[in-house]
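Take a look at the letters that make up each chain.
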Amino acid sequence: LPAWQDSQLFIKDLHFDGVPVRIYLPREPSASKRRGVIFIHGGCGIFGSIRGYERICRYIARKSDSVVVSVGYHLAPEHKYPAQTLECLRATVHFLKTADTYGVDPARIIVCGDSVGGSFTATVCQELGHRTDIPKIRAQVLIYPFLQALNFNLPSHQKNAAVAFLPREHTVHFILKYLNKDCSLKEPILAGSHVPESINLKYRKWINPDLIPDKFKLGYKPPLPTLFLPQVHEEVQELFEPWMSPLLAEDAVVCGLPDTCIVTCEHDVLRDEGLLYKKRLEDNNVRVTWHHVENGFH
């Protein structure tokens, strides 16, 4: 569908290195180059579209007087993982290289995304953090991001297991749909049977209920030990890749990340992933601004 008309914005559908994008440019002339925002929408990698996020992108462009680029990555399972991440990367690099064309200061571009869009945002920033051939991303904004697929029994998973709009079971179901895997794997993954003890031990320093502030652990009950199932582990190797679980990136990558804003919501299964990533970033001397919405839902 074509873009809506807007009295304050020029809105164009383009392709950045073959990736569909919709760009929102303020009509009012600017005395200096504007800021740029790359927006990556949510939807578990299988839902969502540029059109569905039109209102929020127009709002950001108008209120912040910025040029906004909404990335229309192709959806899974028709376009297989990691096509979505690769398209977000290509669109971001193209905008960083051509910012001047759109009246944007290449040193003032942020990447922003919600839910899996926050995951793609985190991955894009991890991939580009140490690149010296393109301008540096100024900041990343992660809005209730999905960041790990090892532990689905964190306090927020237990507390919000049956809360709309993203129940715990649906989270794993959508991940399996995104990866084009058999959805019968959902139950063993929810139980943690896909993770061998060696990987649990390796990443316990980063994915651990003990790292969650006490005020977010009221009523939390540590899960009982589960039996590791090698056949399940073999089926879902992608879950252990930083492109799927950005929380698993090494410190050498995390320390190169830009200033970060993380938004978490109280009634959200993914709340604790944002809290854990916040701690990781701070431990690696990355400046973090955190906004927590007490009555917020995913």
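This is a predicted model, so every value here is computed, not measured.

Participant: Would you mind showing me how to read the packing of aromatic side chains here?
Facilitator: Here a ring pair, both rings aromatic, is described through the centre-centre distance and the interplanar angle of the planes. Taken as a whole and judged by the stated rule, the model has 11 aromatic pairs. A centroid spacing of 5.8 Å and a plane angle of 40° characterise the contact between phenylalanine 16 and tyrosine 102, whose relative ring orientation is tilted. Here tyrosine 102 lies in the loop between helix H2 (83–98) and strand S5 (104–114) and phenylalanine 16 lies in strand S1 (residues 9–16), a separation of 86 residues in the sequence. Taking relative accessible area as the criterion, phenylalanine 16 reaches 0% and is therefore assigned buried. Consider the rings of phenylalanine 165 and phenylalanine 297, whose centres lie 6.5 Å apart with planes at 70°: the pair is edge-to-face. With phenylalanine 165 in the loop between helix H4 (155–159) and helix H5 (168–178) and phenylalanine 297 in strand S8 (residues 288–297), this residue pair connects regions lying 132 residues apart in the sequence. Owing to a relative accessible area of 65%, phenylalanine 165 belongs among the exposed residues under this scheme. Of the aromatic side chains, those joined through ring pairs into one cluster are Tyr73, Tyr81, Phe120 and Tyr178. In this structure, arginine 27 is placed above the aromatic ring of phenylalanine 10, and the distance from its NZ or CZ to the ring centre is 4.3 Å. If you follow arginine 280 out to its NZ or CZ, it ends over the ring of tryptophan 206, 3.6 Å from the centre.

Participant: Help me out: how do you make sense of the environment of proline 145 in this one?
Facilitator: Here proline 145 lies in the loop between strand S6 (139–143) and H4. According to the relative accessible area criterion, proline 145 is buried, its value standing at 0%. Between the alpha carbons of proline 145 and serine 115 there is a distance of 4.2 Å; along the sequence they are 30 residues apart.

Participant: Hey, could you run me through the sheet that holds strand S7 (residues 259–267) in this one?
Facilitator: Pairing between the strands of a sheet comes from backbone hydrogen bonds, and it takes one of two forms, parallel or antiparallel. Spatially, eight strands are ordered S1-S2-S4-S3-S5-S6-S7-S8 in an open sheet, and the strand pairing comes out mixed. Each edge of the open sheet carries a strand with a single partner, namely S1 and S8. Averaged over neighbouring strand pairs, the angle between their axes works out to 20° when direction is ignored. Bridge analysis of strand S3 (residues 34–40) against strand S4 (residues 66–71) gives six bridges, and the strand direction is parallel. In the sheet register, isoleucine 40 faces S4, and the bridge partner there is valine 71. This element, helix H3 (residues 116–128), spans S3, S5 and S6 of the sheet and lies at about 140° to S5. Contacting S6, S7 and S8, helix H10 (residues 271–283) runs over the sheet at an angle of about 150° to S7.

Participant: Can you walk me through the pairing of strand S2 (residues 19–26) in this structure?
Facilitator: The two faces of the sheet receive side chains in turn, since in a regular strand these alternate between them. Within S2, seven of the eight residues are buried, leaving the element largely enclosed by the surrounding structure. Sheet topology places S1 next to S2; eight bridges connect them, and they run antiparallel. Within S2, the position partnered with isoleucine 11 by the bridge is tyrosine 24. Connecting the antiparallel pair S1 and S2 is a turn made up of two residues, with aspartate 17 showing a positive phi of about 50°.

Participant: Where do I start with the UniProt feature "domain: Alpha/beta hydrolase fold-3" (unreviewed entry) in the protein in this structure?
Facilitator: The sites that carry the UniProt feature "domain: Alpha/beta hydrolase fold-3" (unreviewed entry) are, in the present numbering, residues 37–189 and 238–298. With 39% helix and 17% strand, residues 37–189 has its two end C-alpha atoms placed 35 Å apart. When the span residues 238–298 is considered, its composition is 28% helix and 31% strand, and the gap between its end C-alpha atoms is 24 Å.

Rules of the game
Residues numbered from 1 in each chain as written. Predicted model: local features only at pLDDT ≥ 70, side-chain atom pairs only at ≥ 80, totals over all residues. Heavy atoms only, no water. Phe/Tyr/Trp six-rings, centres within 6.5 Å; stacked < 30°, edge-to-face > 60°. Helix = DSSP H or I, 4+ residues; strand = E, 2+ residues; numbered from the N terminus. Buried < 20%, exposed > 50% of the residue type's maximum accessible area, 1.4 Å probe, protein only. Lys NZ or Arg CZ within 6 Å of the ring centre and 35° of its normal. Pairing = 2+ DSSP bridges. Axes fitted to C-alpha atoms, helices over the stretch in contact; angles between N-to-C directions. Contact = heavy atoms within 4.5 Å. UniProt positions renumbered as here; feature names shortened; annotations may be inferred.

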